[in-house]
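Structural overview
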Amino acid sequence: MEKHEEDNQTSPTEFLLLGMGDMPTLQIPLFLLLLTIYLVTMVGNILIVVLVVLEQHLHTPMYTFLGTLSSLETWYSSTTLPQLLASFLTGNRAISVHGCMAQFYFFSSFVATECYLMGAMSYDRYLAICQPLLYVSHMTWKFCLQLVAASWLVGVFVSATVTAFLSQINFCGPKTIDHFFCDFTPLLELSCSDTSVVTLVSFIVCFLSIIFPFLFTLISYVCIVATILRILSSVSRKAAFSTCSSHLIVVTIFYVTLFIVYLLPRTAPLRQLNKVFSFFYTILTPLVNPLIYSLRNREVREALRK
């Protein structure tokens, strides 16, 4: 008993990601499913990046944003899936504390970057539909690249801030993380020191990197929908809506699952449900993005046929 208490008071050098290890009979099917998802995600998103780079008629701000989003999704998937696949293959679900912090840092920076990038894409669509006469003068190549660079820089900065504070707390509880990757809340549950500062910092960062871009994106699409509904011609109305429908679908899937994950209480009965929704926004969203954009976008389909 004394030895157990002593272990609990010792800062661990590694964590054990429980993940989906409570389903031993499904390990091989899950490995094959996740491997297929990862390969399709990588191939699909890399293909979109290649198309945007090689096809001259896709050298526009909208497709620059799309290519950036696809490249982001490849990194986004690679922060969680390789570790998860390796655990299924080897049975070793341990991850070092430094490895866990690194995974959290890269994952959170990609999430924040994606939120700002989606906000930039919504602003691009707002200008194209609501202010078409100003689009060319406002959405220049320079401004487009500035928005892309700002999305990455903000994502990297806010993630580094939270990770720096998170790495300072003491982890002396159980070494097991009831999740399939190192996320903020599961890590915080293992702390035995005061977490009020890191919680406050994370709240401010979440507002700046998730809530603010979400509200900006929401307002942009409210204006877009209002403008589309005022168009008298049904053909023109359909054409206007088709230019932003793919992005709207992606934004809806991403934010709905993201909010459910972080607003859902982490009580024992809801932990498995939390994992399911985490699976949606961390693994399935990068998979469906290239499918949605390629299947619903005429110019991308034409570039694929070439």
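Source: prediction; values computed, not measured. (Residues numbered from 1 in each chain as written. Predicted model: local features only at pLDDT ≥ 70, side-chain atom pairs only at ≥ 80, totals over all residues. Heavy atoms only, no water.)

1. Digging into the pattern of salt bridges
Counted under the stated rule, the structure contains 1 salt bridge. For arginine 125, the salt bridge goes to aspartate 124, with nearest N and O atoms at 2.8 Å. By the burial criterion, arginine 125 is buried, and aspartate 124 matches it. (Salt bridge = Lys/Arg side-chain N within 4 Å of Asp/Glu carboxyl O. Buried < 20%, exposed > 50% of the residue type's maximum accessible area, 1.4 Å probe, protein only.)

2. Re the side chain of threonine 113
Relative to the helices and strands, threonine 113 is located in helix H5 (residues 97–130). By relative accessible area, threonine 113 is classed as buried at 1%. At 3.5 Å, the side chain of threonine 113 forms a polar contact with the backbone oxygen of serine 151. Excluding its chain neighbours within four sequence positions, the residues that come into contact with threonine 113 are Leu72, Ser151, Trp152, Gly155 and Val156. (Helix = DSSP H or I, 4+ residues; strand = E, 2+ residues; numbered from the N terminus. Polar contact = N/O pair within 3.5 Å; in protein donor to acceptor, adjacent residues only side chain to side chain. Contact = heavy atoms within 4.5 Å.)

3. Section: the nonpolar core
Residues Leu34, Phe65, Phe254 and Tyr281 are the most contacted members of the largest nonpolar core, which totals 51 residues. Secondary structure elements with two or more residues in this core: helix H2 (27–54), helix H3 (61–78), helix H4 (81–90), H5, helix H7 (141–166), helix H10 (234–263), helix H11 (271–296) and helix H12 (298–305). Residues Phe171, Ile177, Phe184 and Leu188 belong to the second largest nonpolar core, which totals 22 residues. (Core = buried A, V, L, I, M, F, W, Y, C linked by side-chain atoms within 4.5 Å.)

4. Considering the packing of aromatic side chains
Here the structure, examined in full by the defined rule, presents 15 aromatic pairs. With a centroid separation of 5.8 Å and 25° between ring planes, the pair formed by tyrosine 255 and phenylalanine 259 is classed as stacked. With tyrosine 255 and phenylalanine 259 both in helix H10 and 4 residues apart, the pair spans about one turn of that helix. The buried category is assigned to tyrosine 255, whose relative accessible area is 2%. (Phe/Tyr/Trp six-rings, centres within 6.5 Å; stacked < 30°, edge-to-face > 60°.)

5. Quick notes on the sheet that holds strand E3 (residues 176–177)
Backbone hydrogen bonds hold the strands of a sheet together, and the pairing may be parallel or antiparallel. With mixed pairing, 3 strands are arranged side by side in an open sheet as E2-E1-E3. The open sheet is flanked by strand E2 (94–96) and E3, the only strands paired with a single partner. Examined bridge by bridge, strand E1 (residues 14–17) and E2 share 3 bridges and lie antiparallel to one another. Note on E2: the bridge partner recorded for phenylalanine 15 is isoleucine 95. (Pairing = 2+ DSSP bridges.)

6. A closer look at the state of the cysteines
Scanning the model with the defined rule gives 1 disulfide in all. Residue pairing for cysteine 100: its cysteine sulfur links by disulfide to cysteine 182, the two sulfurs lying 1.9 Å apart. Its S-S torsion of about -120° marks the bond between cysteine 100 and cysteine 182 as left-handed, since a negative value means left-handed. One end of the pair, cysteine 100, is in helix H5; the other, cysteine 182, is in the loop between E3 and helix H8 (184–188), and 82 residues separate them in sequence. Using a relative accessible area of 0% as the deciding quantity, one classes cysteine 100 as buried. With no disulfide of its own, cysteine 115 lies closest to cysteine 206 among cysteine sulfurs, the gap being 9.3 Å. Exposure remark for cysteine 115: the relative accessible area of 0% places this residue in the buried category. In this structure cysteine 130 is a free cysteine whose sulfur lies 5.9 Å from that of cysteine 223, the closest cysteine sulfur available. Residue class for cysteine 130 comes out buried when judged on its relative accessible area of 17%. (Disulfide = S-S within 2.5 Å.)

7. Section: the pairing of E1
The two faces of E1 differ: Phe15 and Leu17 on one face are buried, but Glu14 and Leu16 on the other face are not. Across 2 bridges, E1 lies against E3 in parallel orientation. Its bridge partner lying in E3, leucine 17 is registered against isoleucine 177.

8. With respect to the UniProt feature "transmembrane region" (unreviewed entry) in the protein
Sites flagged by UniProt as "transmembrane region" (unreviewed entry) map to residues 28–54, 143–166, 200–232, 244–264 and 276–295. End-to-end, the C-alpha atoms of residues 143–166 are 34 Å apart, and along that stretch the chain is 100% helix and 0% strand. Secondary structure content for residues 200–232 is 91% helix and 0% strand, while the C-alpha to C-alpha distance between its ends is 49 Å. (UniProt positions renumbered as here; feature names shortened; annotations may be inferred.)

9. Some remarks on the packing of H3 against H5
For the pair H3 and H5, interaxial distance at closest approach is 10 Å and the crossing angle is 165°. Taken together, H3 and H5 sit at an angle that is classed as roughly antiparallel. The two elements H3 and H5 meet at a crossing, and its hand is left-handed. Contacts between H3 and H5 involve Pro61, Met62, Phe65, Leu66, Thr68, Leu69, Leu72, Glu73, Trp75 and Tyr76 from the first element and Phe107, Phe110, Val111, Thr113, Glu114, Leu117, Ala120, Met121, Asp124 and Arg125 from the second. Taken together, the residues of the contact of H3 with H5 break down into 14 nonpolar, 2 polar and 4 charged. (Axes fitted to C-alpha atoms, helices over the stretch in contact; angles between N-to-C directions. Parallel < 35°, antiparallel > 145°, perpendicular 65-115°, else oblique. Left-handed = near helix turned anticlockwise from the far one by under 90°. Nonpolar A, V, L, I, M, F, W, Y, C, P; charged D, E, K, R; others polar.)

10. Some details on the layout of surface pockets
Roughly 760 Å³ of volume is contained in the largest pocket. If you go around the largest pocket, you meet 31 residues; those closest to its centre are Phe184, Ser202, Cys206, Ile210 and Tyr262. At the level of elements, H5, H7, H8, helix H9 (196–229), H10 and H11 are the ones that each hand at least two residues to the lining of the largest pocket. By residue class, the composition of the lining of the largest pocket is 22 nonpolar, 7 polar and 2 charged. Reported here for the second largest pocket is a volume of approximately 350 Å³. Met62, Tyr63, Ser242, Thr243 and Asn297 are the residues nearest the centre of the second largest pocket, which is lined by 17 residues in total. Contributing elements (two or more residues each) for the lining of the second largest pocket: H3, H5, H10, H11 and H12. When residues in the lining of the second largest pocket are grouped by element, the largest group, 5 residues, is from H10. (1 Å grid on protein atoms, 1.4 Å probe; cavity = no way out; pocket = protein on both sides within 12 Å on 5 of 7 lines; lining within 4 Å. Points joined across faces, edges and corners; volume = space filled by probe spheres on them.)

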